[in-house]
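Listed below, chain by chain, are the residues.
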Amino acid sequence: MTPRFVLAGLLLALAAPAWAVNKDIERLQIQIAALQGQIADLQRTAEDNQREIKRLGDTLAEQNAFLRRALQDRRLQDEALQTALKEFGERMAELEERLQQPVPAPSAAPAPSAAGPEAGDGGSAPAPAPAAPPPPPRELYSQAYADYARGNYDLAIQEYREYLRNYPNTDLSDNAQYWIGECYFSKQRYPEAVAAWDELLRDYPASDKIPDARYKKGVTLERLGRRREALVEYRNVVERYPNSEAGRKAREKLNP
């Protein structure tokens, strides 16, 4: 074999592996490009999932807030119903007592004067009729609360104010002032509700309605967008009346 043929064989032997390596590199490049495409798809999917998770989280937070408000309103309705039932029972007991009392005999009318008016005298003016006495305090209070329970808030406010004008210092006067605030709150007239509860705090500082009034004042201030003032009221209730129902609800407001 001549040296020329030997050299040609060596060149062919060396060229074959180089061609195979280029094919492998080309295949690897195709695989890398495919993997890069898959990674990009996974990244887009992950971003879409993150956006969906955020949307679901926001929706869940809104639903939780709605449920908390609904639960709070339900508790207030339950409390109002329990109070209405209690006061209805007291009213029935009062009516029963009144029915058992003897009816007083009507007093005799005064006899007319025998002497007529003198000549030239036009006669004396008739005496004004005496003003009708106000209803008994328990009856007036119960009627006001019944109107509140029926949703007749304006009428209930009028009756509670009449109660306070006629009976400012009874054991139910502070309650009447408290329920005026509740009537305004139910009508969503929040500034008037705050003013009514401020009157209770000022005029009846020893009332057992103070914890409820401060808590409801905090709720009302929060609805007016005055969150900082509302927190002051909640903390006051928690610190001064920790074992009351208002104290428990105030803690929930401070630690939702």
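What you see is a predicted model; the values in this text were computed from it and never measured.

Enquirer: Teacher, can you tell me more about the nonpolar core here?
Expert: Buried together is how nonpolar side chains tend to be arranged in soluble globular proteins. Residues Tyr141, Tyr145, Tyr148, Tyr160, Tyr163, Trp179 and Tyr234 are the most contacted members of the largest nonpolar core, which totals 42 residues. Residue assignment for this core shows that the elements contributing at least two residues are helix H1 (3–100), helix H2 (137–149), helix H3 (153–166), helix H4 (173–186), helix H5 (190–203), helix H6 (210–223), helix H7 (227–240) and helix H8 (245–254). Every residue in contact with tyrosine 163, bar those within four places of it in the chain, is listed here: Pro137, Leu140, Tyr141, Pro168, Thr170, Leu172, Ser173 and Ala176.

Enquirer: Sorry if this is basic, but what is going on with H2 here?
Expert: Residues spaced three or four apart along an α-helix point in a common direction, a consequence of the helix completing one turn every 3.6 residues. Taking 1.5 Å as the rise per residue, H2 with 13 residues should run 18 Å; its terminal C-alpha atoms sit 18 Å apart, in good agreement. Every buried residue of H2 is listed here: Leu140, Tyr141, Ser142, Ala144, Tyr145, Ala146, Asp147 and Tyr148. Looking one or two residues past H2, glycine 151 carries a phi angle of roughly 90 degrees, positive in sign.

Enquirer: What's the story with the packing of aromatic side chains in this structure? I'm lost.
Expert: Two numbers describe a pair of aromatic rings. These are the distance of the centres and the angle of the planes. Taken as a whole and assessed by the stated rule, the structure comprises 12 aromatic pairs. Plain terms: the ring middles of tyrosine 145 and tryptophan 179 are 5.0 Å apart, the flat faces sit at 85 degrees to each other, and that makes the pair edge-to-face. Taken together, the residues tyrosine 145 in helix H2 and tryptophan 179 in helix H4 connect sequence positions 34 residues apart. The burial state of tyrosine 145 is the same as that of tryptophan 179; both residues are buried. Seen in terms of ring centroids, phenylalanine 185 and tyrosine 190 are 5.6 Å apart; in terms of plane orientation they differ by 55 degrees. Their pairing is tilted. Looking at tyrosine 190, the relative accessible area reads 12%, which means it is buried. These aromatic residues form a ring-pair network of at least three members: Tyr145, Tyr148, Tyr153, Tyr178, Trp179, Phe185, Tyr190 and Trp197. Geometry around tyrosine 178 places lysine 209 over its ring, the cationic atom sitting 4.6 Å from the centre. For lysine 216, the ring lying beneath its charged end belongs to phenylalanine 185, and the centroid distance is 4.0 Å.

Enquirer: Any chance you could explain the environment of aspartate 174 here in plain terms?
Expert: Its location among the elements puts aspartate 174 in helix H4. In this structure the C-alpha to C-alpha distance between aspartate 174 and leucine 164, which are 10 residues apart in sequence, comes to 8.8 Å. Discounting chain neighbours no more than four positions away, the residues touching aspartate 174 are Leu200, Tyr204, Ser207 and Asp208.

Rules of the game
Residues numbered from 1 in each chain as written. Predicted model: local features only at pLDDT ≥ 70, side-chain atom pairs only at ≥ 80, totals over all residues. Heavy atoms only, no water. Core = buried A, V, L, I, M, F, W, Y, C linked by side-chain atoms within 4.5 Å. Buried < 20%, exposed > 50% of the residue type's maximum accessible area, 1.4 Å probe, protein only. Helix = DSSP H or I, 4+ residues; strand = E, 2+ residues; numbered from the N terminus. Contact = heavy atoms within 4.5 Å. Expected span 1.5 Å × (residues − 1). Phe/Tyr/Trp six-rings, centres within 6.5 Å; stacked < 30°, edge-to-face > 60°. Lys NZ or Arg CZ within 6 Å of the ring centre and 35° of its normal.

Everything listed is a geometric property; what it means functionally is a separate question.
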